Amino acid sequence: MKIGLICNMGGHLTEMLFLMEAFDKHEIFFITYNDPRINKLNYKKYLLGYIGTDFCKMVRAFFKIFNILIKEKPNLIISTGSEIAIPAFIFAKLMGIKSIYIETWSRVNNKSRTGRILYFVTDVFLVQWQDLLKEYGKKARYVGGVI
Amino acid sequence: MWGELFREMIFVTIGTYIGFDRLVKKMDEIASNLNEEVVMQIGNTKYEPKNSKWFKFLDNEKIDELYNKADIIIAHDGAGTLLSAISLNKPTVIVPRLKKYGECEYENKFDLAEALKNKGRIVVIYDVEQLKDAIQKVKSLVYMPSERDKRLISFLKEYIATLDRGIKNGKKYQ
């Protein structure tokens, strides 16, 4: 099956790379930001400009990500954060694509802004620290961290 | 000559985020008094070190080489940096970025430094004046090999396998 991995650069990407073993034998592609480190990422990848909290850039990213998902038609999307995941998870919901959101490892006992939003959208919501469970609702699960 | 060959190496890394002048400056200041060789990844830091080797950014492969080669890692409190350091079980000094010096936008990641503080070979300092002592302290911490937690990977594998079976059996999704 085909899996879309969607994450910001930096720590979010490093976290995802720690999980690659789980996707062995499946077709994967990345949606992430353009970053100096990314040249050596030897997977199929779509690179976007940084969104951050800029509303206009977010709107533009919605169109780009919609086109990527239409083209790739993944069966599942997975994210380790952060805002780059928002458009993808909303479209996945509308398109019937399964989704797993993994709250980033650096969130030990407080929620991320992206986590707050995508908690209501994603099929599976995971946290990486036991303490964070009580901040989210019943949907959140703790099944260990990336390390 | 031989001394130079067996010299240990301290790798200082501050990630791809905002510069971290406070740490880079202090490290450069004490570098000439240390027995170890100092190599710094300074990213967007304005200060240019004078007593140590430095560079701004490198790709993943070269950075990994440095993580592997390093005897001690000194790092900001970024998730990616700390994942790399901890997965290699290297003695690591964490210096969290402070909002009051403009080193970060939000101070949420203290939680990570604090949560890691008592695990393995990690020392956390907020004041760079303690850097030299922290280096001595972290060297004395004992090596504690830890099994990597594979529960998350197992969970994902199982979820993917179930979904895959559903697709192959022609059901829309499970």
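Positions within a chain are numbered from 1, following the residues in the order the chain's sequence is written. Chains carry letters from A onward and ligands carry numbers from 1 onward, assigned in written order. In keeping with the model being predicted, local features are shown solely for residues with a pLDDT of at least 70 and side-chain atom pairs are shown and tallied solely at 80 or more, while totals for entire chains, interfaces and linings include all residues. Heavy atoms from the whole structure form the basis of all side-chain values; hydrogens and water molecules are not counted.

1. Some details on the packing of helix 2 (residues 21-31) of chain B against helix 6 (residues 131-140) of chain B
All names here are of chain B.
- At a minimum axis distance of 10 Å, the contact between helix 2 and helix 6 shows a crossing angle of 75°. One way to sum up the angle between helix 2 and helix 6 is to call them roughly perpendicular. For the pair helix 2 and helix 6, contact is made by L23, K26, M27 and I30 and by L131, K132 and I135, respectively.
- Three classes are used, and their members are as follows: Ala, Val, Leu, Ile, Met, Phe, Trp, Tyr, Cys and Pro are nonpolar, Asp, Glu, Lys and Arg are charged, and the others, Gly among them, are polar. Looking at the contact of helix 2 with helix 6 residue by residue, the class counts come to five nonpolar, no polar and two charged. To obtain an axis, a line is fitted to C-alpha atoms, over the contacting stretch when the element is a helix, and the angle between two such axes runs from 0 to 180 degrees between their N-to-C directions. The way it works is that DSSP assigns letters per residue, a run of H or I at least four long becomes a helix, a run of E at least two long becomes a strand, and they are numbered from the N terminus. Angles below 35 degrees are treated as roughly parallel, those above 145 as roughly antiparallel, those between 65 and 115 as roughly perpendicular, and all remaining angles as oblique. Should any heavy atoms of two residues lie within 4.5 Å, those residues are counted as being in contact.

2. Some points on the pairing of strand 5 (residues 98-102) of chain A
All names here are of chain A.
- With five of its five residues buried, strand 5 lies for the most part within the structure.
- Residue alternation in strand 5 divides its side chains into two sets, K98, I100 and I102 and S99 and Y101, and both sets are buried.
- DSSP-based pairing: two strands are paired if at least 2 bridges between them are found. Direction of pairing for strand 4 (residues 76-79) relative to strand 5: parallel, over a ladder of four bridges. Each bridged residue has a counterpart across the sheet, and for I77 the counterpart in strand 5 is S99.
- Looking at chain direction, strand 5 and strand 6 (residues 124-127) are connected through three bridges and run parallel. Note that in strand 6 the partner of I102 across the bridge is L126.
- In the classification by handedness, the crossover that spans strand 5, the intervening helix 4 (residues 113-118) and the parallel strand 6 is right-handed. Three exposure classes are used, based on accessible area relative to the maximum for each residue type with a 1.4 Å probe and protein chains only: buried under 20%, partly exposed in between, and exposed over 50%. A clockwise course of the path from the first strand over the helix to the second, judged with the strands pointing away from the viewer, identifies a crossover as right-handed.

3. Here's the deal with the side chain of H12 of chain A
- Following the sequence through the fold, H12 of chain A ends up in helix 1 (residues 11-17).
- For H12 of chain A, the contacting residues outside a window of four places in its chain are C7, T80, G81, S82 and T104 of chain A.

4. Thoughts on the side chain of S112 of chain A
Residues and elements named next belong to chain A.
- Secondary-structure assignment places S112 in the loop between strand 5 and helix 4.
- Overall, the relative accessible area of 6% leaves S112 in the buried class.
- A polar contact of 2.9 Å, which involves the side chain of S112, links it to the backbone nitrogen of G115.
- Each residue touching S112, except ones within four places of it in the same chain, is listed here: Y101, E103, R107 and Y136. Pairing of N or O atoms within 3.5 Å defines a polar contact, subject to two protein rules: one partner must be a possible hydrogen donor and the other a possible acceptor, and residues neighboring in sequence count only if both atoms are side-chain atoms.

5. Some words on the confidence of the model for chain B
- Confidence in the prediction for chain B averages 89 pLDDT; 93% of positions are at 70 or higher.
- As scored by the predictor, the complex reaches a pTM of 0.87 and an ipTM of 0.96. Scored from 0 to 100, pLDDT records how confident the predictor is in each individual residue.

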